[in-house]
Amino acid sequence: MEILAIANQKGGVGKTTTAVNLAASLSAKRKRVLLIDLDPQGNATTGTGLHKNELALTAADVLLDGVSIAEATVMSPAGFDVVGANKELAGMDITLMGQENSHTLLADALDVLMEDQQNSKKKGYDYIVMDCAPSLNLLTINALVATDGVIIPMQCEYYALEGLADLSQTIERLTELNPKLHIKGVVRTLFDARNTLANDVSQELEAHFGDIMYRTHIPRNVRLAEAPAHGMPVLAFEKNSKGAQAYLQLAAEVIKQSRAAKKQA
Ligand SMILES: Nc1ncnc2c1ncn2[C@@H]1O[C@H](COP(=O)(O)OP(=O)(O)OP(=O)(O)O)[C@@H](O)[C@H]1O
Ligand SMILES: [Mg+2]
């Protein structure tokens, strides 16, 4: 089981689009996937066809009430498991302020899930994908403490690298709590190959991050923007679109990376 956090505190860079469509693409490649929504906006939840305000249990119950991940999991219309989120998740920082284990609540819940899976005859998850909010709040910190690696979606625009220093610093600081924590890869999103600036920034990213850049560029594609309104990952909405094909390609890269890591271990 590999746990992936999709994070970047910059807003609107394609985190949720990446979380939902990477999960759907991994699932299409016959991987068992659980998507956990850690953003009170609940966009990843609705993006899989769930009604975020009609869920009996959400990520808030896991983090605030000790409900198990298994209990909070529902099968989404998109065809893979989801722990949803809605505005009940907001204000967690305040609720948990000063609580000793506030950083490790999600990691602890995932440990329980992993133990249950090891003891069960059923096959467990191959991937857990977590969608983070555009902030370095306690929810994102919980994701970073729980994850095996971070995937950072980045838009190739002038301020792309802004804020990245904060994320890198936070990652550095949290390796004490989570020694596995590292940047697994940076994925270029909302990419427009005809735009000179985008190409310049893309090259700058390449120079900066070298081999942790994914080869796949996610193009700006209207189908990717339309699919959530239909409660579908783009693969279900329009399989042949450039957006759907790009996320399949990204999923293939992620799977390849996992295989390489396994071999090394
Ligand atoms: N590759 C793309 N092509 C076209 N539209 C896209 C693409 N990726 C994302 N979008 C659209 O851009 C907007 C922002 O994307 P998304 O919600 O995935 O970003 P986010 O980083 O999760 O935002 P937030 O920081 O608010 O959580 C959405 O309307 C989404 O549909
Ligand atoms: Mg989002």
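These numbers come from a predicted model, not from an experiment.

Considering the UniProt feature "domain: AAA" (unreviewed entry) in the chain
No. 1: Here the UniProt-annotated "domain: AAA" (unreviewed entry) positions come out as residues 1–183.
No. 2: Summarising residues 1–183: 38% helix, 17% strand, and an end-to-end C-alpha distance of 17 Å.

A word on unusual backbone geometry
No. 1: Backbone geometry places arginine 30, a non-glycine residue, at a positive phi of 65°.
No. 2: Residue position: arginine 30 is located in the loop between α1 (15–28) and β2 (33–38).
No. 3: With a phi angle near 50°, leucine 190 is a residue other than glycine that sits in the positive phi range.
No. 4: By the element assignment, leucine 190 lies in strand β7 (residues 183–191).

Things to note about the site of ligand 1
No. 1: Close to ligand 1 lie 17 residues; Lys15, Thr16, Thr17, Pro219 and Asn221 are nearest.
No. 2: A distance of 2.8 Å separates a nitrogen atom of ligand 1 from a polar atom in the backbone of proline 219.
No. 3: When contributions to the shell around ligand 1 are tallied by element, the ones reaching two or more residues are α1, β8 (213–219) and α10 (222–226).
No. 4: By residue number, the principal contributor to the shell around ligand 1 is α1, which donates three residues.
No. 5: Grouping the constituent residues of the shell around ligand 1 by class yields seven nonpolar, seven polar and three charged.

Here we look at the environment of glutamine 99
No. 1: With respect to the helices, strands and loops of the structure, glutamine 99 is situated in the loop between α5 (92–96) and α6 (105–119).
No. 2: Of the polar contacts made by the side chain of glutamine 99, one reaches the side chain of asparagine 101; its length is 2.8 Å.

Describing the packing of helix α7 (residues 138–146) against helix α8 (residues 164–174)
No. 1: Across the interface, α7 lies against α8 with an axial gap of 10 Å and an inter-helix angle of 55°. Overall, the two elements α7 and α8 adopt an arrangement that is oblique. For α7 against α8, the interelement crossing comes out right-handed. For the pair α7 and α8, the contacting residues are Ile141, Leu144 and Val145 in the first and Leu167, Thr170 and Leu174 in the second.
No. 2: A breakdown of the residues in the contact of α7 with α8 according to their chemical character gives five nonpolar, one polar and no charged.

About the criteria used
- Position labels on residues start from 1 in each chain and follow its written sequence.
- Throughout, the order in which chains and ligands are written sets their labels, letters from A for the former and numbers from 1 for the latter.
- For this predicted model, a pLDDT threshold of at least 70 governs which residues receive local features, and a threshold of 80 or more governs which side-chain atom pairs are given and counted, while totals over whole chains, interfaces and linings are taken from all residues.
- The basis for the side-chain values is all heavy atoms of the structure; hydrogens and waters are excluded.
- UniProt positions are given in the numbering used here, feature names are shortened, and annotations may be inferred rather than shown by experiment.
- A run of H or I in DSSP becomes a helix once it reaches four residues, and a run of E becomes a strand once it reaches two; helices and strands are each numbered from the N terminus.
- Being near a molecule or strand, for a residue, means having at least one of its heavy atoms within 4 Å of it.
- The term polar contact refers here to a pair of N or O atoms within 3.5 Å; inside protein, the definition further demands a hydrogen-donor-capable atom paired with an acceptor-capable atom, and it admits residues adjacent in sequence only when both atoms are side-chain atoms.
- Each residue gets one label: Ala, Val, Leu, Ile, Met, Phe, Trp, Tyr, Cys and Pro are nonpolar, Asp, Glu, Lys and Arg are charged, and the others, such as Gly, are polar.
- Between the N-to-C directions of two axes lies an angle of 0 to 180 degrees, each axis being a line fitted to C-alpha atoms and, for a helix, fitted only over the stretch in contact.
- Any angle between 65 and 115 degrees counts as roughly perpendicular, while under 35 counts as roughly parallel, over 145 as roughly antiparallel, and the rest as oblique.
- By definition, turning the near helix anticlockwise from the far helix through less than a right angle yields a left-handed crossing, and turning it clockwise yields a right-handed one.
- We call two residues contacting when some pair of their heavy atoms lies within 4.5 Å.

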